[in-house]
Amino acid sequence: GSCGCPAQNLELMSSNLMPRLPVQGDTFRGIEERRLVGGLEITIYNFDQPRRLSELQLPFKILPMRRIDLTDVQVVEVPPKQALDSWFPGYAWSILICDRCKGRHLGWKFTPAGPSALNSEAFYALIVEAIDAEEEEPLAQQRFLAGLRAVGQPLAAIGLTASILSSK
């Protein structure tokens, strides 16, 4: 079922969206440039988990944002070796879990780490699912989004073992 985490109420406004970010080459699957019905353009990143962190190599669609509502959200740190193996080079990742929803994995927090992230800010990347609007014209060139939903997943489903989380 869906989680009622405040973090899942996406603040979709241009001031809250991150600019285009450099990505980790071996896990990057592509970018979806999408336009919401109100005209706001968003960038959804598609990545696979690296095999070196999870045998499952699950695909994720994420939306990087400057801020989210952290009410009932726990930031779980992981060991530096794993944290620095990041989809966004120069940033270390930690896991965002909703306490309200029995440990649902909402996404990640990315924190500047190292010289390539100088003058950078921490940001959040929530797992999202795009909901397409009905096309009014069959020949419309642009696909509009009716909305974007933060979905999250049970932590066990993403293949992160307790050993990674506890082996700090």
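Note that the coordinates shown come from a computational prediction; the quantities given were computed from them, not determined experimentally.

### Some remarks on the nonpolar core
Logical step 1: Ile-62, Trp-87, Phe-88, Trp-108 and Phe-110 are the most contacted members of the largest nonpolar core, which has 22 residues in total.
Logical step 2: Elements with a contribution of two residues or more to this core: β2 (41-48), β3 (59-65), β5 (91-98), β6 (104-112) and β7 (123-132).
Logical step 3: With five residues, the single largest contributor to this core is β5.
Logical step 4: Sequence-distant contacts of Ile-62, that is, excluding residues within four places in its chain, are made with Thr-43, Ile-44, Tyr-45, Phe-47, Trp-87, Phe-88, Trp-108, Ala-125, Leu-126, Ile-127 and Val-128.

### A look at the environment of Pro-50
Logical step 1: Checked against the element boundaries, Pro-50 lands in the loop between β2 and β3.
Logical step 2: Note on Pro-50: relative accessible area 7%, which makes it buried.
Logical step 3: Taking the C-alpha atoms as reference, Pro-50 lies 9.1 Å from Trp-87; in sequence the two are 37 residues apart.
Logical step 4: Apart from residues no more than four positions distant in its own chain, Pro-50 is found in contact with Thr-27, Gln-57, Asp-85 and Trp-87.

### Describing the pairing of β5
Consecutive side chains along a regular strand alternate between the two faces of the sheet.
Logical step 1: In terms of burial, β5 is a largely internal element, eight of the eight residues being buried.
Logical step 2: Bridge count for strand β4 (residues 73-76) against β5 is four bridges, and the pairing is antiparallel. The residue of β5 that forms the bridge with Gln-74 is Ile-97.
Logical step 3: Across eight bridges, the pairing between β5 and β6 is antiparallel. Its bridge partner being in β6, Leu-96 is matched across the sheet by Gly-107.
Logical step 4: Linkage of β5 to β6, two consecutive antiparallel strands, is achieved through a turn of five residues, within which Lys-102 is found at a positive phi near 55°.

Rules and cut-offs
Residues numbered from 1 in each chain as written. Predicted model: local features only at pLDDT ≥ 70, side-chain atom pairs only at ≥ 80, totals over all residues. Heavy atoms only, no water. Core = buried A, V, L, I, M, F, W, Y, C linked by side-chain atoms within 4.5 Å. Buried < 20%, exposed > 50% of the residue type's maximum accessible area, 1.4 Å probe, protein only. Helix = DSSP H or I, 4+ residues; strand = E, 2+ residues; numbered from the N terminus. Contact = heavy atoms within 4.5 Å. Pairing = 2+ DSSP bridges.

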